[in-house]
Amino acid sequence: MKKIQTILLLTVIAMTTVAFTIKTEKGYKIGDVIEDFSLKNIDNKMVSLSDYQEVKGFVIIFTCNTCPYSVANEDRIIALQEKYKSKGFPVIAINPNDPSVSAGDSFEKMKIRASEKEFNFPYLFDEGQTVYPKFGATKTPHVYIVTRNDMKVQYIGAIDNSSRNPDAVTEKYVENALDALLSGKSIDKKETRAIGCSIKVK
C-alpha cells in the first residue's frame, strides 16, 4: 500500500513539474533576445523595431480596445510615452486580439479608439496573431521592456500595482524599471504578474 502511495505521489510530482516546465518555456524570459517584427500601425504604415535607430529601448505593451483593464490603463500608457520617449524608451502598443472573436478589437476600431483617446504612440495590429505568442503575452495589458543595444528583455509584467484604479497605485513597476535602466542600476523587480483580460483567439 505504501509503495502504491509513493508511486502515485511521485507521478503527481512529475506531472506537476512537467506542467510548470511547459508553462515557463512559453515565450520570452528575462534576458532573452527578441526577434524583430513588422506590424501595421493605425496610420496604415508598417512598423518594425529596426525603424528605431536612436533609442535606448522599447516599452512594448500588449493591449486592446475592449478589455476594462486595458481601458483603465490607457492614460497611464499615454503618460509613459510622454515621460520616457524623450529619454529613449518609446512605447509601442500592440493589439493581439483576434477581431473575429472580439469585434471591438478590429483594425478599424483601433483607429477610432486611438483617435478618441489621442494616443501618442504607435498602436499596432498583430494580424494573424504571430507576434504575441513569441513574447508569451497572456493578458491585456502585458508589458515587456527591451533594451535596444542587445535586444534583451529586461522586464515583464504589469504597469503598476493597481490594475484598475490609478488613484490606488503605490508602486510603479514600469517606471521604476525604466529609471533603473536609465541610471545604469539593476532593476529591483524584473517580473510582476500581469493582470487583465485573456488574449482572444479563435
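Per an unreviewed UniProt entry, the protein chain goes by the name Thioredoxin family protein and belongs to Polaribacter marinus.

A general feature of soluble globular proteins is that nonpolar side chains tend to end up buried together. With 27 residues, the main nonpolar core has Val59, Val143, Ile145 and Val174 as its most contacted residues. In terms of residue count, helix α5 (residues 173-182) provides more of this core than any other element does, five residues in total. The contact partners of Ile145, leaving out residues within four places of it in the chain, are Phe58, Phe89, Lys152, Val153, Gln154, Tyr155, Val174, Ala177, Leu178 and Leu181. Among the nonpolar cores identified, the runner-up in size contains 23 residues, and Tyr28, Leu39, Val47 and Ile94 belong to it.

For helix α2 (residues 68-84), which comprises 17 residues, the first-to-last C-alpha distance of 25 Å matches the rise-based estimate of 24 Å (1.5 Å per residue) to within 8%. At Glu74, α2 shows its maximal kink, close to 45°. Considered for burial, the residues of α2 that qualify are Ser70, Asn73, Glu74, Arg76, Ile77, Ile78, Leu80, Gln81 and Tyr84. On its buried side, α2 packs onto β3 (57-62), β4 (91-95), α3 (107-117), β6 (139-140) and α5.

What counts, and where the lines are drawn
- Residues numbered from 1 in each chain as written.
- Predicted model: local features only at pLDDT ≥ 70, side-chain atom pairs only at ≥ 80, totals over all residues.
- Heavy atoms only, no water.
- Core = buried A, V, L, I, M, F, W, Y, C linked by side-chain atoms within 4.5 Å.
- Buried < 20%, exposed > 50% of the residue type's maximum accessible area, 1.4 Å probe, protein only.
- Helix = DSSP H or I, 4+ residues; strand = E, 2+ residues; numbered from the N terminus.
- Contact = heavy atoms within 4.5 Å.
- Expected span 1.5 Å × (residues − 1).
- Bend = angle between axes of the 7 residues up to and from the residue.

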